[in-house]
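Okay, here's what each chain looks like letter by letter:
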Amino acid sequence: MEAIALNQANLAQLPGNVAVPAYAREALVASIVHIGVGGFFRAHQAVYLDDLLALPGNEQWGYCGVGLLAHDAAMRDAMRAQDGLYTVVERSAAGDTARIIGSVGEYLYAPDEPQAVLDKLADPGTRIVALTITEGGYYVNQGTGEFDADHADIVHELAHPEAPRCSFGYLAAALALRHQRGLAPFTIMSCDNLQNNGDVTRKMLLAFVALRDAALARWLATHGSFPNSMVDRITPATTDEHRALLRDSFGIVDAWPVVCEPFRQWVIEDEFPHGRPAWEKVGAQMTHDVLPYEKMKLRLLNASHQALCYIGMQLGYTFAHEAMDDPGIRLLVRRMMDDEVTPLLDSVEGIDLERYKATLIERFSNPAVRDQLARIGTEGSARIPKFVLPSVREALAQGGAIKLLAFTVACWFRYLEGHDEAGRAMPLNDPYAARLRALALQGGADAAPLLSMRELFGDLSDTPAFTQAVGEALASLYGLGARAALEQIVA
């Protein structure tokens, strides 16, 4: 079978076992701008909208994707060559399924066309701006919870408001244009893994805008809307292996497919003053209180991902399912969830917590997804403070256990040294990479240099119960080795 290049003209020629958009894509109105068109957005939010567009009467909702970073040029090239189309492959033990997603009608690449991005954001027809800009993209000082006005991106934006480069710069510039033109602000919806992500977005963006234009900040505070949301779907980074799978198994040439697990979940706070898609018709849950769902997911799923990835890489594993096949890592994850996190959680309407945890173990262990530990371990300086440390603080306040949570932090510290126990390099992708690596090498088995980073640990840097637990765990990782330290901690 000769593989077919994916584009609009070739849709009718694709194999019958590949679902294709059944709606008129040319009729879509790109009323939602999405900043950060990565794998997760394309496997999650864009899929929900694709499902909705298959129902009649929803043509007023379509996506315009925006890439802000230099490496987004490759995504731009792929999306434009394929008329915005791409393939989602769901992988499970039952087999692989493929479908073509058509909900992204436009793609703008900000480094080459900044004015086009501003024009789109300021357009009266833009009603929602959604974000997947990673946990580190909100400029939060992790130690204080306040806005990091000293970040290099922010310093540039304040010095050059007419030439934005980061998401906050573009949002502020576009909101200023809307304010001048008498338009309401668009709804800003974070889809990143942050507890209270809408509230965080509101707080950080308002702090930034106030430094730029106090009157604009007052207007945004009065008229803006920042709904919270909880998102969930395991989505590994796209590789050449995935492209070959699609070509060989489905006969499609796709420059940037996305592979994911079958499971997906989206809980959204229903605060959209300028309208929204009827996401509830395609499986999303609209609510007025996202927090219980967010807390459950971030503390159990995301924190467990941190627990398994750093020790997994030190033991030489590449994929999440390989780590979960290790009895010690599996026990670490399950005990951390059961003994240290679950006691901190409130009941969540409609959720059987024991079943939820069992489902997480199944999802982490799915061999078909082949989720990369290096992907899960990206930006630990943002993820550890958001996923692990909140449970530490709450457990300490309640007199609860933190041994396994502290071990997870210690495993991150050991990973920052840069090599596993066989001497193989472990990739470090983090905005604080240089400083973290230097402190890890300086301290070695001594956790004190890394624990001194108050912008990450805040008051925990001075909390003996935490610093002692992390210090003992890190010393065991260096002194006993990863395997023996793991066996000791779960014994």
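Attention here is on the structure that accompanies the text. (Residues numbered from 1 in each chain as written. Predicted model: local features only at pLDDT ≥ 70, side-chain atom pairs only at ≥ 80, totals over all residues. Heavy atoms only, no water.)

Section: the layout of surface pockets
Estimated volume of the second largest pocket: approximately 480 Å³. Taken together, 19 residues make up the lining of the second largest pocket; nearest its centre are Gln142, Gln195, Pro385, Lys386 and Pro390. Taken together, the elements giving at least two residues each to the lining of the second largest pocket come down to α7 (197–212) and α15 (380–398). Among the elements that make up the lining of the second largest pocket, the one with the highest residue count is α15 (five residues). Class assignment for the residues of the lining of the second largest pocket results in eight nonpolar, six polar and five charged. (1 Å grid on protein atoms, 1.4 Å probe; cavity = no way out; pocket = protein on both sides within 12 Å on 5 of 7 lines; lining within 4 Å. Points joined across faces, edges and corners; volume = space filled by probe spheres on them. Helix = DSSP H or I, 4+ residues; strand = E, 2+ residues; numbered from the N terminus. Nonpolar A, V, L, I, M, F, W, Y, C, P; charged D, E, K, R; others polar.)

Overview of the sheet that holds strand β5 (residues 86–92)
Strand order in the open sheet formed by four strands is β2-β6-β5-β12, with mixed pairing between adjacent strands. Where the open sheet ends on each side, the last strands, each with one partner, are β2 (18–19) and β12 (258–260). Here seven bridges tie β5 to strand β6 (residues 95–101), and the two strands are oriented antiparallel to one another. For Val88, the partnering residue across the bridge sits in β6 and is Arg99. Where helix α2 (residues 45–53) meets the sheet, its contacts fall on β5 and β6, and the angle it forms with β6 comes to roughly 70°. (Pairing = 2+ DSSP bridges. Contact = heavy atoms within 4.5 Å. Axes fitted to C-alpha atoms, helices over the stretch in contact; angles between N-to-C directions.)

Focus: the packing of helix α12 (residues 327–341) against helix α13 (residues 353–364)
If you want to describe how two helices pack, look at the angle between their axes and the distance between the axes. Axis separation between α12 and α13 bottoms out at 11 Å; the angle between their running directions is 155°. Put simply, α12 runs roughly antiparallel to α13. The two elements α12 and α13 meet at a crossing, and its hand is right-handed. Note on element contacts: α13 touches α12 through Glu354, Lys357, Ala358, Leu360, Ile361 and Phe364, opposite Arg330, Val333, Arg334, Met337 and Asp338. (Parallel < 35°, antiparallel > 145°, perpendicular 65-115°, else oblique. Left-handed = near helix turned anticlockwise from the far one by under 90°.)

A closer look at the packing of aromatic side chains
Describing an aromatic ring pair means giving the distance of the ring centres and the angle of the ring planes. Scanning all chains against the criterion turns up twelve aromatic pairs. The interplanar angle of 50° and the centroid separation of 5.0 Å between the aromatic rings of Trp266 and Trp279 together place this pair among those described as tilted. Of this pair, Trp266 sits in strand β13 (residues 265–269) while Trp279 sits in the loop between β13 and β14 (285–287), and the two are 13 residues apart along the sequence. The exposure class assigned to Trp266 is buried, which follows from its relative accessible area of 1%. (Phe/Tyr/Trp six-rings, centres within 6.5 Å; stacked < 30°, edge-to-face > 60°. Buried < 20%, exposed > 50% of the residue type's maximum accessible area, 1.4 Å probe, protein only.)

Let's talk about helix α5 (residues 152–159)
Among the residues of α5, those classed as buried are Ile154, His156 and Glu157. Seen from one end, α5 has its buried residues packed into an arc of 160°, which puts them on one side. Buried residues along α5 sit against α6 (167–180) and α7. (Arc of directions from axis to C-beta.)

Notes on the environment of Pro431
Within the element layout of this structure, Pro431 appears in the loop between α16 (403–416) and α17 (433–443). Judged by its relative accessible area of 54%, Pro431 falls in the exposed class. Sequence separation of Pro431 and Phe413 is 18 residues, and the distance between their C-alpha atoms is 15 Å. Not counting chain neighbours up to four residues away, the residues in contact with Pro431 comprise Glu379 and Ser381.

Observations regarding helix α9 (residues 240–250)
The complete set of buried residues in α9 reads His242, Ala244, Leu245, Leu246 and Phe250. Taken together, the buried residues of α9 touch β2, β5, β6, β11 (252–253) and β12. At the exit of α9 stands Gly251, carrying a positive phi of roughly 70°.

Looking at the sheet that holds β14
Taken together, the three strands give an open sheet; going across it, the order is β10-β13-β14, and neighbouring strands pair in mixed fashion. Edge positions in the sheet fall to β10 (229–232) and β14, since each of these pairs with one other strand and no more. Direction aside, the axes of adjacent strands within the sheet are offset by 15° on average. Note that β10 and β13 share four bridges and pair antiparallel.

What to know about the pattern of salt bridges
The full count for this structure, using the stated rule, is 32 salt bridges. The partner of Glu113 in a salt bridge is Arg80, and the shortest N-O contact between them spans 2.4 Å. Residue Glu113 is found in the loop between β7 (104–109) and α4 (114–122), and its partner Arg80 is found in helix α3 (residues 73–81); the two are separated by 33 residues along the sequence. The class for Arg80 is partly exposed, based on a relative accessible area of 40%. Several salt bridges share partner residues, and in doing so they unite Asp50, Asp51, Arg99 and Arg264 into one network. (Salt bridge = Lys/Arg side-chain N within 4 Å of Asp/Glu carboxyl O.)

Concerning the nonpolar core
Within the largest apolar cluster, 76 residues are counted, with the highest numbers of intra-cluster contacts made by Leu308, Phe407, Trp412, Phe413, Phe457 and Phe466. For this core, the element with the highest residue contribution is helix α10 (residues 291–314), accounting for twelve residues. Grouped together as the second largest cluster of nonpolar side chains are 41 residues, Cys64, Tyr170, Met204 and Ala217 included. (Core = buried A, V, L, I, M, F, W, Y, C linked by side-chain atoms within 4.5 Å.)

Here's the deal with empty space enclosed by the protein
In this structure the tally under the stated criterion is two cavities of 30 Å³ or more. Of the voids in this model, the largest cavity is the one considered here, and its volume is about 70 Å³. Taken together, the residues of the lining of the largest cavity sort by class into four nonpolar, three polar and four charged. Together, Asp192, Asn193, Leu194, Asn197, Ser229, Met230, Val231, Glu294, Lys297 and Leu298 line the second largest cavity. Those elements that place two or more of their residues in the lining of the second largest cavity are β10 and α10. For the lining of the second largest cavity, a count of residues per class yields four nonpolar, three polar and three charged.

Description of the environment of Phe41
Within the secondary structure layout, Phe41 lies in helix α1 (residues 39–43). Sequence-wise, Phe41 and Lys295 are 254 residues apart; in three dimensions their C-alpha atoms are separated by 21 Å. If sequence neighbours within four positions are ignored, Phe41 has contacts with His34, Gly36, Ala46, Tyr63, Val104 and Thr132.

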